[in-house]
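# Topology and contacts: notes
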Amino acid sequence: MKKLSLVLVASLLSSFTLISTSKAADFKWKGRYRWEGVSVRNSNLANGGASKAYMLHHLILSPEIIPADGFIITTRFDIMNNTGALYRNSQMGQFLGQGPNPTGAGGTTDASNSNVLSQSQGSDMLLINELYLTWRQEFAALEVGRKAIHFGLGMTHNSGAGEFDHWLDTKDIVGYKMIFGTLFLMPMIGKVNEGQLQTEDDVNDYMLHFQYDNKESKLSMGAFYEARIGTNGGGNDAPGNMAGSGSVTEGWESKQLNIFVAREFEESAIGFEA
């Protein structure tokens, strides 16, 4: 009985410790639910061509955890995602009417994988598109993890934060943001693919983000430089027509520079990106 009492007391103390620890942290939820209906008449412009009509819905949950002063853990969970092979890693959403056999192919075995026999919809997967830690300092911030990248008008780097954005760009990064008044400079190293540990076949991004934001004049301008390096043929999985042959034997290297300028007025705004 003494041993049992000690176990109960220890369990109560452990529970109390967990509860008090959770109260010390700050936990915030935000997100977005999107439903859209699309109808396109005679999409191929043929004589008597067929029409297309469908509905999509999608849920985004973005909890934010503040475990201690200066530390923020940001996440993004996508629910009801498009399961088609052409739209992976997107936020297109899922059709209203997603059966357990989305391909419609025959040869099903029972009600669990047959559209006409099923009593329930096809289940969906939870996708994690963002998970990163921010360590905020007085005039700087360290960011580590998977983060949505946005620059300028979103022409190339788009975080997909708009109400009806269907695509988003994410990167696994280690970055350090340095703030100098109305401008900041942020060098980042992105790990696109780690590859095999015993070989040098990684794909890395080397990025530099510079931006000027003046809240009084509502003027913004900036530049974003990105270089992607695939160390050798083992890390280069580009299609053959891009690499010059059917079998890729050389590394990959690409560079890109984006610049933008934007200005807000009382009832309008204008911006350019190149």
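Relevant structure appears above.
Model, not experiment: these values are computed from the prediction. (Residues numbered from 1 in each chain as written. Predicted model: local features only at pLDDT ≥ 70, side-chain atom pairs only at ≥ 80, totals over all residues. Heavy atoms only, no water.)

## Thoughts on a nonpolar patch on the surface
A cluster of nonpolar residues, Met221, Val261, Phe265, Ile270 and Phe272, forms a patch on the protein surface that exposes about 450 Å² of accessible area. If you trace the backbone, Met221 turns up in strand S12 (residues 219-230). (Patch = residues over 30% accessible without salt bridge, like charges linked within 9 Å, V, L, I, M, F, W, Y side chains within 5 Å. Areas by Shrake-Rupley, 256 points an atom, 1.4 Å probe, with all protein chains shown as cover. Salt bridge = Lys/Arg side-chain N within 4 Å of Asp/Glu carboxyl O. Helix = DSSP H or I, 4+ residues; strand = E, 2+ residues; numbered from the N terminus.)

## Notes on the packing of aromatic side chains
Evaluation of the coordinates by the stated rule reveals six aromatic pairs. Ring plane angle 65 degrees and centroid distance 5.5 Å describe the contact between Phe27 and Trp29, whose orientation is recorded as edge-to-face. Among the residues examined, Phe27 registers a relative accessible area of 45% and is labelled partly exposed. Their ring planes at 90 degrees and their centres at 5.5 Å tell us that Tyr54 and Phe95 sit as a pair that is edge-to-face. You can see Tyr54 sitting in strand S3 (residues 52-61) and its partner Phe95 sitting in strand S6 (residues 94-95), a full 41 residues away along the chain. Its relative accessible area of 34% is what places Tyr54 among the partly exposed residues. Overall, Phe95 belongs to the partly exposed group, its relative accessible area being 38%. Among the aromatic side chains, those forming a connected cluster through ring pairs are Phe151, Phe224 and Phe260. (Phe/Tyr/Trp six-rings, centres within 6.5 Å; stacked < 30°, edge-to-face > 60°. Buried < 20%, exposed > 50% of the residue type's maximum accessible area, 1.4 Å probe, protein only.)

## Remarks on the pairing of strand S13 (residues 252-264)
As paired elements, S12 and S13 share twelve bridges and run antiparallel to each other. Along S13, the bridge assignment pairs Ser220 with Ala262. Bridging between S13 and strand S14 (residues 269-273) involves five bridges; their strand directions are antiparallel. Counted as the bridge partner of Ala262 is Gly271 from S14. (Pairing = 2+ DSSP bridges.)

## Quick look at the environment of Pro100
Checked against the element boundaries, Pro100 lands in the loop between S6 and strand S7 (127-136). Here the alpha-carbon distance between Pro100 and Ser112, two residues twelve residues apart in the chain, equals 6.9 Å. Beyond its immediate stretch of four places on either side in the chain, Pro100 contacts Ser112, Asn113, Ser114, Asn115, Ser118, Ser120 and Gly122. (Contact = heavy atoms within 4.5 Å.)

## Topic: the pairing of S7
The side chains of a regular strand alternate, first on one face of the sheet and then on the other. As defined by bridge partners, strand S5 (residues 71-79) adjoins S7 across eight bridges and the pair is classed as antiparallel. The partner of Asp78 across the bridge, within S7, is Leu127. As paired elements, S7 and strand S8 (residues 140-148) share six bridges and run antiparallel to each other. Residue pairing in the sheet places Arg136 in a bridge with Ala141 of S8. Counting the residues in the hairpin turn of S7 and S8 gives three residues.

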